[in-house]
Amino acid sequence: MDSRDGFNPVDQAEEKARRAVGLYNDGEFSESLKEIEFSIEICPTNSSWHFNRALILDSLDRYEEAIREYETVIGLLPNDLEVLNCLGVDYTRVGEYELALSAFEAIQELDPDFEPCYCNRIILYSEMEDFNSAEGMFYLAQQIKPNCSLCFFNIGISIFFQKKYKQAIRCLLRAAEIDPENPNINQCVALAYWNNGDKITAKEYFLKELRLNPGDIGAIFDFGLLLLELEDIESAKEKFNRIIELKPDFTSALFYLGEI
C-alpha cells in the first residue's frame, strides 16, 4: 500500500511520536522508546524526535545512548541551549567532566542568563572535588534565580560530600521548602541527619520520602539500615523483604535478611 491508497508514512510517524510522548508521561518508557524509534526511522532528520528519544533513554538510565542522541540533535541544531544542557548533565553522569564543562561553558557564552548551566555545574564541580568552584556556581545561579530548589539541593549535596552535615541539612531543607515534591530530597535530608548523629529525625525524613516514593528501593534499603542501627529488627526485616518483593535479585537486601 502507498500514499495513493490513503497511507501516508509521515502521518503515521507523527502519530507514533505523539503516542510516544503520552507513554513517556505515563512512565511507560520502554514502550515509548519503541514508538519514537518507529517515527525516527521514517523521518531521521526530525530533531525534536531525536531529542525525545534521548529523554526516554535518560529515563531508562541508558546515558551513553542518550548522549549519542543529544549529539545528533546538536548536529542539527548547534546552538540549542536545552540540548547542550542535557548533554552537560549526561556527560557528568558518565564521568566525562571536561566534555560536560565545555557544554556548560558553551551555554554561558550563548546566553549568560541561562541559569541551569550554573546550577548543573554545582554537581559537576563537586564530582571533580573542586568545591570552591561549585560554591561559585551556586552564587552565580542565585543572581538569576534565587529560589531554585535544584540549586539548593545541589549545593546541599556538595556540602554533604565535604562532611559538613549541619550546613548540608540547612540547604536541603531550603530545597524541600521551595519544592516539597522534588524526589529524593527527604532521603538526602535523612542521610544528612543520620550522619550528623540524629537518627530519630533521620527516621522521620525517611518516612516522608517513602510516603512520596513508596517504591524507591534505595530509600527503603537505607531506611532498613537505619532501623538496624536503632535495633528495630522487625521493621528492618520488613523493609528488606519489601525490597525483595520489588527486586528479587537485590543481593544486599538478601545479605541483611540472612544476617537478621
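Going by the structure above, here's the rest.
Okay, so let's go over this structure. (Residues numbered from 1 in each chain as written. Predicted model: local features only at pLDDT ≥ 70, side-chain atom pairs only at ≥ 80, totals over all residues. Heavy atoms only, no water.)

**So, the nonpolar core**
Consideration 1: Ranked by internal contacts, the top residues of the largest apolar core, which has 76 residues, are Ile-36 and Ile-243.
Consideration 2: With eight residues, helix 13 (residues 217-229) is the largest single contributor of residues to this core.
Consideration 3: In this structure, Ile-36 is in contact with Ala-17, Ala-20, Trp-49, Asn-52, Arg-53 and Ile-56, ignoring residues within four places of it in sequence. (Core = buried A, V, L, I, M, F, W, Y, C linked by side-chain atoms within 4.5 Å. Buried < 20%, exposed > 50% of the residue type's maximum accessible area, 1.4 Å probe, protein only. Helix = DSSP H or I, 4+ residues; strand = E, 2+ residues; numbered from the N terminus. Contact = heavy atoms within 4.5 Å.)

**Here's the deal with the packing of helix 7 (residues 116-127) against helix 9 (residues 149-161)**
Consideration 1: Helix 9 packs onto helix 7 with a crossing angle of 10° between their chain directions and a minimal axis gap of 8 Å. Taken together, helix 7 and helix 9 sit at an angle that is classed as roughly parallel. The chirality of how helix 7 crosses helix 9 is left-handed. Contacts between helix 7 and helix 9 involve Cys-119, Asn-120, Ile-122, Ile-123 and Ser-126 from the former and Leu-150, Cys-151, Asn-154, Ile-155, Ile-157, Ser-158 and Phe-161 from the latter.
Consideration 2: Taken together, the residues of the contact of helix 7 with helix 9 sort by class into eight nonpolar, four polar and no charged. (Axes fitted to C-alpha atoms, helices over the stretch in contact; angles between N-to-C directions. Parallel < 35°, antiparallel > 145°, perpendicular 65-115°, else oblique. Left-handed = near helix turned anticlockwise from the far one by under 90°. Nonpolar A, V, L, I, M, F, W, Y, C, P; charged D, E, K, R; others polar.)

**Observations regarding the packing of aromatic side chains**
The description of two aromatic rings rests on the distance between their centres and on the angle between their planes.
Consideration 1: Counted under the stated rule, the structure contains 13 aromatic pairs.
Consideration 2: Ring geometry for Phe-51 and Tyr-70: centres 5.9 Å apart, planes at 55°, overall tilted. Here Phe-51, found in helix 3 (residues 47-59), pairs with Tyr-70, found in helix 4 (residues 63-76); they are 19 residues apart in sequence, far enough to count as distant.
Consideration 3: Judged by its relative accessible area of 0%, Tyr-70 falls in the buried class.
Consideration 4: Between Phe-206 and Phe-223, the aromatic rings sit 5.4 Å apart at their centres with planes inclined by 20°, giving stacked as the arrangement. Of this pair, Phe-206 sits in helix 12 (residues 199-212) while Phe-223 sits in helix 13, and the two are 17 residues apart along the sequence.
Consideration 5: Using a relative accessible area of 0% as the deciding quantity, one classes Phe-206 as buried.
Consideration 6: Using a relative accessible area of 2% as the deciding quantity, one classes Phe-223 as buried. (Phe/Tyr/Trp six-rings, centres within 6.5 Å; stacked < 30°, edge-to-face > 60°.)

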